Amino acid sequence: MGLDTYINTYGAACKARFGQKVKKLTIDAKFTCPNRDGTLGKGGCTFCNVSSFSHEAGTDLGISEQIAEGKLRQRDRQAKGLGNNKDAANDKYIAYFQAYTSTYDEFAVLKSRYDEAIKDEHIVGLAVGTRPDCVPDAVIDLLVDYQARGLEVWLELGLQTANDATLKRINRGHGFSEYAQTVTRARNAGLKVCGHLILGLPGESHQDYMQTLAKVLAVGVDGLKIHPLHIVEGSTMAKAWRSGKQELISLEEYAYSVGEMIRATPPQIIYHRVSAYAQRPMMLAPDWCSRRWDAMVAIEDNLRAYGGQGAALS
Ligand code: SF4
């Protein structure tokens, strides 16, 4: 059946717009992060090691070369039967500026890096991941301009939780109010916003996740991305986990909470992601996060049994 049966997915939304699958190509555009360089903080968020973001994090390749490599990788996957679009000339991709804080630089630098990505004929959209406190109006206007030119554009804002005490504990360097203000500015300008949430942060439980969702929905959002907390090598949390001080969310808890969140989400909101997996040895724990399909299967089972997106609202 697949998650599309129960959820308004990003994949289905892109297919509806473009008539075919549209894959994201992740790009490391060599930005940095104000929560690491001392501008806002040092050491970064306690769960973060940017080397774990994607294949491309830390690469020496330029943006055009990363796109070319990403396309080859996708075509390779298709050749192995993992995709269904066999005509490479018609492939369509979203350039996903994922690593670090992808709006954190001089305006001219940002523009030149986004422009380099969209000049590739197969790129039909941009997804720009960043922190809520790093999105000046000029950047919003720039992204709106790309959108007006026909590109599929998303501003992806890392919130992780709406609980300010947890945000402080994980050293995010911003609170919920910064997120709310940036979402409102971006959406008022006509830009689509995807909020990133993490389940399993220290001290949080199912009630916190539902409160976070309620606050995010109350502010307004166009898309959501949910991840389980996983411990990555080199992060501050890895030390806490190694000394037995960091409990982790189980697969059963995760599937239950994601299912409840999806059922409490209005149908028009697009789910970009409902789980994430990561490869060892970078990913240390929990073990189930190293298996690509475990969470997807458990979430689909939950949705089949108890109802899909918006079911709790009717
Ligand atoms: S998660 Fe994002 S904001 Fe936090 S330290 Fe890593 S790159 Fe910076």
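Residues numbered from 1 in each chain as written. Predicted model: local features only at pLDDT ≥ 70, side-chain atom pairs only at ≥ 80, totals over all residues. Heavy atoms only, no water.

K.L.:
Would you take a moment to explain the environment of Asn-302 for this structure?
P.N.:
With respect to the helices and strands, Asn-302 occurs in helix H10 (residues 294-306). Asn-302 gets classed as buried once you look at its relative accessible area, which sits at 9%. It is 31 Å that separates the C-alpha atoms of Asn-302 and Ala-240, two residues lying 62 residues apart in sequence. Other than its neighbours up to four places away in sequence, Asn-302 contacts Ala-255, Tyr-256, Gly-259, Arg-263 and Gly-307. (Helix = DSSP H or I, 4+ residues; strand = E, 2+ residues; numbered from the N terminus. Buried < 20%, exposed > 50% of the residue type's maximum accessible area, 1.4 Å probe, protein only. Contact = heavy atoms within 4.5 Å.)

K.L.:
Help me out: how do you make sense of helix H4 (residues 137-148) in this one?
P.N.:
Counting along an α-helix, one turn takes 3.6 residues, and residues three or four places apart therefore face a common direction. Between its first and last C-alpha atoms H4 spans 16 Å; for 12 residues at 1.5 Å apiece the expected length is 16 Å, and the two agree. All of the buried residues in H4 are Val-139, Ile-140, Leu-142, Leu-143 and Tyr-146. Viewed along the axis of H4, the buried residues span an arc of 160 degrees, placing them on a single side of the element. On the buried face of H4, the contacting elements are helix H3 (107-118), strand S3 (123-130), strand S4 (152-160) and helix H6 (176-188). Looking one or two places after H4, you find Gly-150, whose phi comes out positive at around 105 degrees. (Expected span 1.5 Å × (residues − 1). Arc of directions from axis to C-beta.)

K.L.:
Any chance you could explain the pattern of salt bridges here in plain terms?
P.N.:
As a working rule, side chains carrying opposite charge can pair if their charged atoms are close by. Here the structure, examined in full by the defined rule, presents 19 salt bridges. Salt-bridge contacts for Arg-17 lead to Glu-152; the nearest nitrogen and oxygen are separated by 2.6 Å. Note that Arg-17 is positioned in helix H1 (residues 10-18) and Glu-152 in strand S4, a separation of 135 residues in sequence. Arg-17 sits in the partly exposed class, given a relative accessible area of 41%. The salt bridge partner of Lys-24 is Glu-156, with a shortest N-O separation of 3.0 Å. Pair noted here: Lys-24 is in strand S1 (residues 22-27) and Glu-156 is in strand S4, with a separation of 132 residues, a long-range link. Overlapping salt bridges, with partners in common, bring together Arg-280, Asp-287, Arg-291 and Asp-294 in one network. (Salt bridge = Lys/Arg side-chain N within 4 Å of Asp/Glu carboxyl O.)

K.L.:
Mind showing me how you'd approach the site of the ligand here?
P.N.:
The local shell around the ligand holds 10 residues, among which Cys-33, Gly-44, Cys-45, Cys-48 and Arg-131 are the closest. Grouping the constituent residues of the shell around the ligand by class yields six nonpolar, one polar and three charged. (Near = heavy atom within 4 Å. Nonpolar A, V, L, I, M, F, W, Y, C, P; charged D, E, K, R; others polar.)

K.L.:
Got a minute to help me understand a positive patch on the surface in this structure?
P.N.:
On the surface, Lys-15, Lys-21, Lys-23, Arg-273 and Arg-292 cluster together into a positively charged patch. With respect to the helices, strands and loops of the structure, Lys-23 is situated in strand S1. (Patch = residues over 30% accessible without salt bridge, like charges linked within 9 Å, V, L, I, M, F, W, Y side chains within 5 Å. Areas by Shrake-Rupley, 256 points an atom, 1.4 Å probe, with all protein chains shown as cover. Lys, Arg positive; Asp, Glu negative; His and termini not counted. Charge placed at Lys NZ, Arg CZ, Asp CG, Glu CD.)

K.L.:
What should I look at first to understand the sheet that holds S1 in this one?
P.N.:
Adjacent strands of a sheet form backbone hydrogen bonds with each other and so pair up, either parallel or antiparallel. Ordered in space as S1-S2-S3-S4-S5-S6-S8, the seven strands form an open sheet in which the pairing is parallel. Strands at the two margins of the open sheet, each flanked by one partner only, are S1 and strand S8 (270-273). The average undirected angle you get between the axes of adjacent strands in this sheet is 25 degrees. Sheet strands touched by helix H7 (residues 206-219): S4, strand S5 (192-199) and strand S6 (223-228). Its angle to S5, the strand with the most contacts, is close to 170 degrees. (Pairing = 2+ DSSP bridges. Axes fitted to C-alpha atoms, helices over the stretch in contact; angles between N-to-C directions.)

K.L.:
Whenever I open this one, H3 confuses me. Can you help?
P.N.:
Across its 12 residues, H3 extends 17 Å between first and last C-alpha, which sits within 8% of the 16 Å expected from 1.5 Å per residue. On its buried face, H3 is in contact with S1, helix H2 (63-79), strand S2 (92-97), S3 and H4.

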